[in-house]
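Architecture at a glance
Chain by chain, the residues run as shown.
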Amino acid sequence: VPLSFINVLEIVKNYLIAHPQTFPIILYLENHCSPKVQEKMAIYISRILAKRNLLYIPPSGHLSVELEDLEPLPSPAELKGKAVIKGKLPKLAKQGA
């Protein structure tokens, strides 16, 4: 049975609420959607996970600094009860367009 994106986010939310001491859940998004659909996905992520403080959000500007200047990421123990989104920047973003 296929699951919708919203269903997956709701399942993650419910699991993290029921098990707040669980190590972080990593959501790997390989996104081939249009910018309009990506915007909707970001809204769903915000409404379902971020507004409930269940999403790790890196410090602002994290993507604009050089690799050697980055602060270390939190440990898995520090991220207990959170979802972490892993994904690739679109090719246009990588090229500076």
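Residues numbered from 1 in each chain as written. Predicted model: local features only at pLDDT ≥ 70, side-chain atom pairs only at ≥ 80, totals over all residues. Heavy atoms only, no water.

1. Considering the overall build of the chain
So the rule is basically this: Working definition: helices are DSSP H or I runs of at least four residues, strands are E runs of at least two. Numbering for both runs from the N terminus. Partly exposed describes any residue whose relative accessible area lies between the buried limit of under 20% and the exposed limit of over 50%, with all areas from a 1.4 Å probe on protein chains only and scaled to the type maximum. All accessible-area figures derive from a Shrake-Rupley calculation using a 1.4 Å probe, and residue coverage is judged against the displayed protein chains alone.
A tally of regular secondary structure across the chain gives three helices and two strands. Written out in order from the N terminus, the α and β elements of the chain read α-β-α-β-α. Within the chain, buried positions represent 19% of all 97 residues. Carbon together with sulfur atoms contributes 60% to the accessible area of the chain, which is approximately 7600 Å² in total.

2. Focus: the packing of aromatic side chains
The condition that has to hold: Put simply, two rings from Phe, Tyr or Trp (the six-membered ring, in Trp's case) pair if the centres are within 6.5 Å, and we call them stacked under 30 degrees between planes, edge-to-face over 60, tilted for the rest. Note on criteria: charge over ring means Lys NZ or Arg CZ within 6 Å of the ring centre, with the direction from the centre no more than 35 degrees off the ring normal.
Counted by the stated rule, this structure contains zero aromatic pairs. For Lys80, the ring lying beneath its charged end belongs to Phe23, and the centroid distance is 4.8 Å.

3. Some details on the nonpolar core
The condition that has to hold: Only buried residues count toward a nonpolar core, which is a set of Ala, Val, Leu, Ile, Met, Phe, Trp, Tyr and Cys residues joined through side-chain atoms within 4.5 Å. We call two residues contacting when some pair of their heavy atoms lies within 4.5 Å.
Counting residues in each nonpolar core, the largest one holds 10 residues, listed as Leu9, Val12, Leu16, Leu27, Ile45, Ile48, Leu49, Leu54, Leu55 and Ala83. Mapped onto this core, the elements with two or more residues apiece are helix H1 (5–18) and helix H2 (35–48). Among the elements that take part in this core, H1 stands out by supplying three residues, more than any other. Val12 has contacts with Ile25, Leu27, Leu49 and Ala83, leaving out every residue within four places of it along the chain.

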